[in-house]
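One-letter residues, chain by chain:
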Amino acid sequence: MAEARFSCRCGALTGRLVGIDPGEGTHLVCHCADCARADRAFGGAGDREQGVALWQTTPDRVMIEIGAEHLHLARLSPSGLNRWVAGCCGTPMFNTLNGPRLPFVGVLVSRLDSAAALGPVIAHGFIETPGGKSRHKGGLSVGARLVKRALRARLSGAWRATPFFDADSGAPVAEPEILPRDAGQA
């Protein structure tokens, strides 16, 4: 299986994404308002039409080699998705759920040195329609793959190997910061 290196903008937080195989992850683009808002809040364009490219996998495949102390946790709301940012330079890096028991991480593809091993994008989520509703392309595949990976990680114990949470207590390794309501607003 392949691997890719990741880094924040300033290089103080670096590591590897290991075990990359199109069957072991999901390459997708999220067009939701929250991903666009988070992207803008941390200096990106936040373009919903373009979306945010993600590689969804399990946290045991994220190996932080340098700068784990720079992991900063931001949320758009108290119960929102965990958005892991390099605190040294404000680079968005990863998304997780609010605890380790459902092993899931979305790695921002823009932070990888190469996306070639990820394979093609197989899904688009939360695509805006003219009527203001959202639609999905490939959503069933995304859900099935997530459940398969999560079950395998839970049964094998791999879910405990996460750089984002203490596996025993379930607490995040950084205290969450709730971003102001206007952070990243268009």
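Computed from a prediction, not measured in an experiment: that's the story for all the values here.

What to know about a nonpolar patch on the surface
Stage number 1. There is a patch of nonpolar side chains on the surface, built from V147, L151 and L155 and spanning about 330 Å² of accessible area.
Stage number 2. With respect to the helices and strands, L151 occurs in helix α2 (residues 139-156).

Quick notes on the pairing of strand β9 (residues 105-108)
Taken residue by residue, a regular strand's side chains alternate between the two faces of the sheet.
Stage number 1. Here β9 shows two buried faces, one formed by V105 and V107 and the other by G106 and L108.
Stage number 2. When strand β4 (residues 52-57) meets β9, the two strands line up antiparallel, connected through four bridges. Its bridge partner being in β9, T57 is matched across the sheet by V105.
Stage number 3. Here three bridges tie strand β8 (residues 91-96) to β9, and the two strands are oriented antiparallel to one another. Note that in β9 the partner of N95 across the bridge is G106.

Observations concerning unusual backbone geometry
It is generally the case that most residues other than glycine have a negative phi and that most peptide bonds are trans.
Stage number 1. For F126, which is not glycine, the phi dihedral falls at a positive 60°.
Stage number 2. With respect to the helices and strands, the residue F126 is situated in strand β10 (residues 123-128).
Stage number 3. When its relative accessible area of 38% is taken as the criterion, F126 is described as partly exposed.

Digging into the side chain of T96
Stage number 1. Looking at the secondary structure, you find T96 in strand β8.
Stage number 2. Classification of T96 as buried rests on a relative accessible area of 1%.
Stage number 3. Reaching out from T96, the side chain makes a polar contact with the side chain of W84 at a distance of 2.9 Å.
Stage number 4. Not counting residues up to four positions away in its chain, the partners in contact with T96 are L81, N82, W84, F104, V105, F164 and F165.

Observations regarding α2
Stage number 1. For α2, which comprises 18 residues, the first-to-last C-alpha distance of 26 Å matches the rise-based estimate of 26 Å (1.5 Å per residue) to within 8%.
Stage number 2. In this structure, the buried residues of α2 make contact with β3 (26-30), β4 and β10.

Considerations on the pattern of salt bridges
Stage number 1. All told, the structure shown has seven salt bridges when counted by the stated rule.
Stage number 2. Taking the shortest distance from any N to any O, the salt bridge between E65 and R16 comes out at 2.5 Å. Taken together, the residues span a long stretch of sequence, with E65 in strand β5 (residues 62-66) and R16 in strand β2 (residues 14-20) at a distance of 49 residues.
Stage number 3. Look at R16 and you get partly exposed, because its relative accessible area is 24%.
Stage number 4. With a shortest N-O distance of 3.2 Å, E24 and R61 are connected by a salt bridge. Remark: R61 occurs in the loop between β4 and β5 and E24 occurs in the loop between β2 and β3; sequence separation between them is 37 residues. The pair formed by E24 and R61 is uniform in burial state, with each residue classed as buried.

Details of the nonpolar core
Stage number 1. If you look at the biggest cluster of nonpolar residues, it comprises 23 residues, and the most contacted ones within it are V62, W84, F94, V107 and F164.
Stage number 2. Ignoring sequence-local partners within four residues, the contact set of V62 consists of F6, R16, L17, F94, V105, V107, P163 and F164.
Stage number 3. The next biggest cluster of nonpolar side chains, apart from the first, holds nine residues, and it includes C32, C35, A123 and V142.

About the cut-offs
- Residues numbered from 1 in each chain as written.
- Predicted model: local features only at pLDDT ≥ 70, side-chain atom pairs only at ≥ 80, totals over all residues.
- Heavy atoms only, no water.
- Patch = residues over 30% accessible without salt bridge, like charges linked within 9 Å, V, L, I, M, F, W, Y side chains within 5 Å.
- Areas by Shrake-Rupley, 256 points an atom, 1.4 Å probe, with all protein chains shown as cover.
- Salt bridge = Lys/Arg side-chain N within 4 Å of Asp/Glu carboxyl O.
- Helix = DSSP H or I, 4+ residues; strand = E, 2+ residues; numbered from the N terminus.
- Buried < 20%, exposed > 50% of the residue type's maximum accessible area, 1.4 Å probe, protein only.
- Pairing = 2+ DSSP bridges.
- Polar contact = N/O pair within 3.5 Å; in protein donor to acceptor, adjacent residues only side chain to side chain.
- Contact = heavy atoms within 4.5 Å.
- Expected span 1.5 Å × (residues − 1).
- Core = buried A, V, L, I, M, F, W, Y, C linked by side-chain atoms within 4.5 Å.

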